[in-house]
Amino acid sequence: MNKLSKENLMSLEEYAEHRATFRAEVIAHKKNRQVALGEAIRILFEDKKTIQYQIQEMLRIERIFERAGIEEELEAYNPLIPDGQNLKATMMIEYDNPVERKAKLAELIGVEKVTYIQVEGFDKVHPIANEDMDRETEEKTSSVHFLRFEFSADMVIAWTKGARVVAGIDHTHYQVAPVTLTDNVHANLAMDFDVQTAH
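Residues numbered from 1 in each chain as written. Predicted model: local features only at pLDDT ≥ 70, side-chain atom pairs only at ≥ 80, totals over all residues. Heavy atoms only, no water.

So what exactly am I meant to see when it comes to the packing of helix 2 (residues 48–62) against helix 3 (residues 67–77) here?
Running from amino to carboxyl end, helix 2 crosses helix 3 at an angle of 145 degrees, the nearest separation of the two axes being 10 Å. The element helix 2 and its partner helix 3 pack so that their crossing is right-handed. Contact residues: helix 2 offers Ile51, Gln54, Ile55, Met58 and Leu59, while helix 3 offers Ile70, Glu73, Leu74 and Tyr77. Residues belonging to the contact of helix 2 with helix 3 are distributed by class as follows: seven nonpolar, one polar and one charged. (Axes fitted to C-alpha atoms, helices over the stretch in contact; angles between N-to-C directions. Helix = DSSP H or I, 4+ residues; strand = E, 2+ residues; numbered from the N terminus. Left-handed = near helix turned anticlockwise from the far one by under 90°. Contact = heavy atoms within 4.5 Å. Nonpolar A, V, L, I, M, F, W, Y, C, P; charged D, E, K, R; others polar.)

Would you mind showing me how to read the pairing of strand 4 (residues 115–119) here?
In the case of a regular strand, side chains alternate between the two sheet surfaces. Counting buried positions over the five residues of strand 4 gives four, a clear majority of the element. Both strand 4 and strand 8 (residues 165–171) contribute to a ladder of five bridges, which runs antiparallel. Bridge assignment links isoleucine 117 to a residue of strand 8, and that residue is alanine 167. The pairing of strand 4 with strand 5 (residues 124–125) spans two bridges and is classified as antiparallel. Within strand 5, the position partnered with glutamine 118 by the bridge is lysine 124. (Buried < 20%, exposed > 50% of the residue type's maximum accessible area, 1.4 Å probe, protein only. Pairing = 2+ DSSP bridges.)

Written as structure tokens, this is what we have:
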């Protein structure tokens, strides 16, 4: 439904020309697609535009212009685009100080599994985390996790009709109050749903 193909991408030459404008556009777009949970955890909800930007950047850095290489990147990144009943997100654990970061990542094992989104009137939705690879060891968790939140049809309808939505984390070592999604984030994320399939 909502995947990117080679035709949606700019060539390396085109991208070099439009990169500054596109980058500014994506940065502005991301502001309406992220939630800060406490001081150190940020969740960025991915969509077609954020993923196109990541792919274009990868092609640029790796100088990939052959069809096979482009298809490989599309195959790797397309699963991060939501498909109608879900939200897909990158969770970032951000501590500037390397010593503190190391200690916190050891404390925060499992944090991605106890992150949740809750539509008012429904149970909390915990994500399916890191389907691409295991991102934690017995000693520590990773500073980046990929999350997929699956919602029931009723939740999707309630969300798109304006029900309050909160995001939060229930982790012993990371206590934060649930955060209500602001109107702009709420509305932006509602566009990721395919309400037709929800009815």
